Amino acid sequence: MKFDVNIIREDFPGLNRKIGDKQLVYLDSAATSQTPKCVVDSIVDMYFNHKANVHRGVHTLSQEATDRVEAAREKARRFINAASTEEIIFTRGTTEAINLVASSIGDSLCNGDEIIITAMEHHANIVPWQLIRRNKRIVLRVVPINEHGEVNIDAFADLFSDNTRFVALSHVSNVLGTINPIKEMIAIAHKHGVPVLIDGAQAAPHLKIDVQDLNADFYALSSHKMYGPTGVGVLYGKKALLEKLPPYQGGGEMIGHVSWENTTFAELPFKFEAGTPDYVDIAAFGTAIDYVESIGVDLIAAHEHKLLEAATEGLMKIPGMRIFGTAAEKSGVISFLIDGIHHYDMGMLLDKLGIAVRTGHHCAQPLMTTLGIEGTVRASFGIYNTPAEVEAFIAAVDRVAKMFHHS
Ligand code: 7TS
């Protein structure tokens, strides 16, 4: 199929709105993407026609709802090429997926055990590991990055010791856009017999993911960043590892049999899905996966890469511009500051011009400390952004810069 951004934009009615009298230019897809009509239609269809609790009713509505949830599980499996749907656990998002693993793995850790993460992690892949420290004196080892925002592979390899128990890495940085060489990093960890979790929140909407080819042990992603609804995410885990992990939460759905004395747990994946899942949104997430696949992840990546190149080239021409993250392998995220202009002021003034960007520390405060800054302005691209929007963005940044530098 040919990639036609104008046809794609028709699927996203939200893009037509105005901010004041300005046309919205949405450049915050790394925070959350806009939603195509087919996904919203799927939500409406579930609420009006198939609203029943899943996995527990013999009646038709319940079976229809269950079928849609399980169909979404199969679509998610295919999307990341997992070996089996038993390895696909629905969560509330990437954050919950990582918390699930950290909390379950945490049970088996001992004082002095070490976990390796990178300097560019989102708080969602830092704090859950730190929480283990409530009960155990575990040590976090941090892989340093170079001036382009790339991990230092040799330093990563050197961090392993006899005490290393786990590695947790972002696939793509939400601040720098760096695409990490995770296949290589996973292979290094496996040489030491250490399992690896990949935080794929920023990768899943933009890159083709094959968890078997990567040999990832765990992979986490969020629906709301991939044109799907909020409140849904996926934790992929290798079956053999998931079988060994204790449950994360207790409740309905996740049990085999319950008595006062003892409880046995359900088979995978249900052992990790306590309570009524967000079945409406899970079903609609299946529709979002269909949508992304109907366009093609490779075409989406190529489109976003062109936008990234144009934006980088345009921004670099503005005096005082500093771009954070210039990795050779980069996804459609561009973080910057202009000398003398606070990121918050830039964000506010861009909003007045209709341009939605994110400002601040982007939930990566340790990275900000490493970079010696408090925050950045971040533009991020999605399937629906156009070269004309990139031009409007650059012109607006230039206009704001001139306002400051002439005053
Ligand atoms: N990991 C990364 C790399 C992320 O970018 C985010 C969200 C998360 C984890 C958490 O995902 P959630 O869906 O569970 O919230 N990142 C951002 C962002 O960059 N701006 O807003 C949210």
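See the structure shown above.
These remarks concern the structure in this document. (Residues numbered from 1 in each chain as written. Predicted model: local features only at pLDDT ≥ 70, side-chain atom pairs only at ≥ 80, totals over all residues. Heavy atoms only, no water.)

### Some thoughts on the side chain of arginine 77
Keep this limit in mind: Helix and strand definitions here come from DSSP, where helices need a minimum of 4 consecutive H or I residues and strands a minimum of 2 consecutive E residues; each element is numbered from the N-terminal end. Only protein chains enter the accessibility calculation, which uses a 1.4 Å probe. A residue is then buried if its area is under 20% of the maximum for its type, exposed if over 50%, and partly exposed in between. Each polar contact in these results corresponds to two N or O atoms within 3.5 Å; when the atoms are within protein, one needs to be able to donate a hydrogen and the other to accept it, and residues that are neighboring in sequence are counted only if both atoms are side-chain atoms. For this analysis, residues touch if any pair of their heavy atoms sits within 4.5 Å.
Along the chain, the position of arginine 77 falls in helix α3 (residues 60-80). We classify arginine 77 as buried; its relative accessible area is 18%. A distance of 2.9 Å separates polar atoms of two side chains, one belonging to arginine 77 and the other to glutamate 74. Sequence-distant contacts of arginine 77, that is, excluding residues within four places in its chain, are made with Ala82, Ala83, Ser84, Thr85 and Ile88.

### A closer look at the site of the ligand
Note the threshold: We call a residue near a molecule or strand when any one of its heavy atoms sits within 4 Å of it. Using the Shrake-Rupley algorithm and a 1.4 Å probe, accessible areas are obtained, with residue cover drawn only from the displayed protein chains. For cavity detection a 1 Å grid was placed over the protein atoms alone, and a set of points counts as a cavity when a 1.4 Å probe fits there but cannot get out; an open set counts as a pocket when protein lies on both sides within 12 Å along at least five of seven lines, with lining residues being those that have an atom within 4 Å of a point. To be counted as sitting in a cavity or pocket, a molecule needs more than half of its atoms within 2 Å of that site's grid points. For this scheme, ten residues count as nonpolar: Ala, Val, Leu, Ile, Met, Phe, Trp, Tyr, Cys and Pro. Four count as charged, namely Asp, Glu, Lys and Arg, and the remainder, Gly too, count as polar.
Neighbouring the ligand are 15 residues, the closest being Thr95, Asp199, Ser222, Arg358 and Arg378. At 2.9 Å from a nitrogen atom of the ligand is found a side-chain nitrogen or oxygen belonging to lysine 225. Bound to the protein, the ligand loses 87% of the 490 Å² it would expose on its own. The pocket occupied by the ligand, as judged from atoms lying within 2 Å of grid points, is the largest pocket. Broken down by class, the residue content of the shell around the ligand amounts to four nonpolar, seven polar and four charged.

### Things to note about the packing of α3 against helix α10 (residues 279-295)
Definition in use: In this analysis, axes come from line fits to C-alpha atoms, helices being fitted only over the stretch in contact, and the angle between any two N-to-C directions falls in the range 0 to 180 degrees. Should an angle fall under 35 degrees it is taken as roughly parallel, and over 145 as roughly antiparallel, whereas 65 to 115 is taken as roughly perpendicular and any remaining angle as oblique. Handedness of each helix crossing follows the sense of rotation of the near helix against the far helix: counterclockwise by less than a right angle gives left-handed, clockwise gives right-handed.
In the contact formed by α3 and α10, the axes pass within 8 Å of each other and the chain directions differ by 40°. With respect to each other, α3 and α10 are oriented oblique. The way α3 lies across α10 gives a crossing that is left-handed. On α10, the residues touching Arg68, Val69, Ala72, Lys75, Ala76, Arg78 and Phe79 of α3 are Tyr279, Ile282, Ala283, Phe285, Gly286, Ile289, Asp290, Val292 and Glu293. Looking at side-chain class alone, the contact of α3 with α10 contains ten nonpolar, one polar and five charged residues.

### Section: the layout of surface pockets
Rules: Grid points are joined across faces, edges and corners, and a volume is the space filled by probe spheres set on the points.
Each pocket or cavity is described by its volume, and for the largest pocket that value is around 360 Å³. Lining of the largest pocket is provided by 25 residues; of these, Thr94, Thr95, His122, Ala201 and Lys225 occupy positions nearest its centre. Taken together, the residues that form the lining of the largest pocket break down as seven nonpolar, eleven polar and seven charged.

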